[in-house]
Amino acid sequence: MTASTDTAGSGGATGRPAPVRLLLVGAAVLIALALALWVLATPGSGAGKPSSAEPPAVGSADAGFARDMAVHHQQAVEMSFIVRDRTGDEEVRRLAYDSADTQANQRGMLLGWLDLWGLPKVSPDGGYMAWMGGGHEHDHGDDGRAANSGALMPGMATGAELDRLRKSQGKDAEVLYLQLMTAHHMGGIDMASACAQQCEVPVERSLAQGMADAQESEMTLMADLLRARGSAPR
């Protein structure tokens, strides 16, 4: 499932809507930037340290965070483009586009690092969040989603919730999106905070801390938007 599935508008010869193509271009630029910053993204590299240090191991916090947050971000991008087509409210549309733009670009960086490290983009054991420790491991059910919850990772929307969002319009869509994104941010902050403490690659730790800080701020904004609509986070 991609972010372009529910986006309205013509994308020209490529068939992709213009906003989606712009985000993909932005992600590609950031991947190129990540290539240029390979030395910075290598554990133990930097001033006075060799750039030939070993990349993170496949089961490391660095690799696990990059894999899992890329999946987490992809759903946020998808939900944001869905709601942009289902409301005319400029505040919510602006928030949705900003979220999609930011998270698509960050996702490009995370996937770019996995490529640089020569690591798979899917966990070898098929699960999520084992790198966090402390009982956070989230296993798949037979349908590829997490057992019991119907979501891949904590904070992520279920398939049924995404279907509800696609069928909603106006204020109903706004409220549901804000509630889903608030829960999504809570799960994302938990993961980003863990990486900020456990990851060994300095630039990845910095990115993770920036994610946590930015999403905390967005949660405050979303709570205000929900309050203005007579609702609240779930």
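Described in the following lines is the structure provided in the data block. (Residues numbered from 1 in each chain as written. Predicted model: local features only at pLDDT ≥ 70, side-chain atom pairs only at ≥ 80, totals over all residues. Heavy atoms only, no water.)

**Some thoughts on the overall build of the protein chain**
Worth spelling out the cut-off: Put simply, DSSP marks the helices as runs of H or I at least four residues long and the strands as runs of E at least two long, and each gets a number from the N terminus on. Each residue gets one of three labels from its accessible area relative to the maximum for its type: buried under 20%, exposed over 50%, partly exposed in between, using a 1.4 Å probe on protein chains only. Working rule for contacts: check all heavy atoms of both residues, and any pair within 4.5 Å makes them a contact. Using a 1.4 Å probe, accessible areas were evaluated by the Shrake-Rupley method; residue-level cover was limited to the displayed protein chains.
Along its length, the protein chain carries 6 helices and 0 strands. Each helix (α) and strand (β) of the protein chain, taken in turn from the N terminus, gives the series α-α-α-α-α-α. Residue burial in the protein chain is summarised as follows: out of 234 residues, 48% are buried. Of the contacts formed within the protein chain by residues at least 6 apart in sequence, a portion of 69% connects residues at least 24 apart. For the protein chain, the exposed surface amounts to about 10800 Å²; the carbon and sulfur share of it is 54%.

**Examining the packing of helix 2 (residues 61-84) against helix 5 (residues 170-198)**
Applicable threshold: Lines fitted to C-alpha atoms define the axes, with helix axes restricted to the stretch in contact, and inter-axis angles between N-to-C directions lie between 0 and 180 degrees. When describing relative orientation, an angle under 35 degrees is termed roughly parallel and one over 145 degrees roughly antiparallel, while 65 to 115 degrees is termed roughly perpendicular and anything else oblique. Handedness of a crossing is defined here by the sense of rotation of the near helix relative to the far one, left-handed for an anticlockwise turn of less than a right angle and right-handed for a clockwise turn. Here the term charged refers only to Asp, Glu, Lys and Arg, the term nonpolar to Ala, Val, Leu, Ile, Met, Phe, Trp, Tyr, Cys and Pro, and the term polar to all other amino acids, Gly among them.
Relative to each other, helix 2 and helix 5 sit at 165°, their axes nearing to 10 Å. Regarding the angle of helix 2 to helix 5, the classification is roughly antiparallel. Classified by chirality, the crossing of helix 5 by helix 2 is left-handed. In contact with Ala61, Phe65, Asp68, Met69, His72, Gln75, Ala76, Met79, Ser80 and Val83 of helix 2, helix 5 contributes Ala173, Glu174, Tyr177, Leu180, Met181, His184, Gly187, Gly188, Met191, Ala192, Cys195 and Gln198. Along the lines of polarity and charge, the residues of the contact of helix 2 with helix 5 split into 13 nonpolar, 7 polar and 2 charged.

**Thoughts on the side chain of Arg84**
Under the convention used in this document: Only four residue types enter the tally: Lys and Arg on the positive side, Asp and Glu on the negative side; His and the chain ends are excluded. A carboxyl oxygen of Asp or Glu within 4 Å of a side-chain nitrogen of Lys or Arg is what we treat as a salt bridge.
Considering the arrangement of structural elements, one finds Arg84 in helix 2. The buried charged residue Arg84 lacks any salt bridge partner; its closest oppositely charged side chain belongs to Asp85, at an N-O distance of 5.8 Å. Arg84 has contacts with Arg93, Ala96 and Tyr97, leaving out every residue within four places of it along the chain.

**Here's the deal with the pattern of salt bridges**
For the structure on display, the rule yields 8 salt bridges. For Arg166, the salt bridge is made with Glu78, and the minimal N-O distance between the two is 2.9 Å. Of the two residues, Arg166 sits in helix 4 (residues 159-167) while Glu78 sits in helix 2, which places them 88 residues apart along the sequence. Note on accessibility: Arg166 and Glu78 belong to one class, buried.

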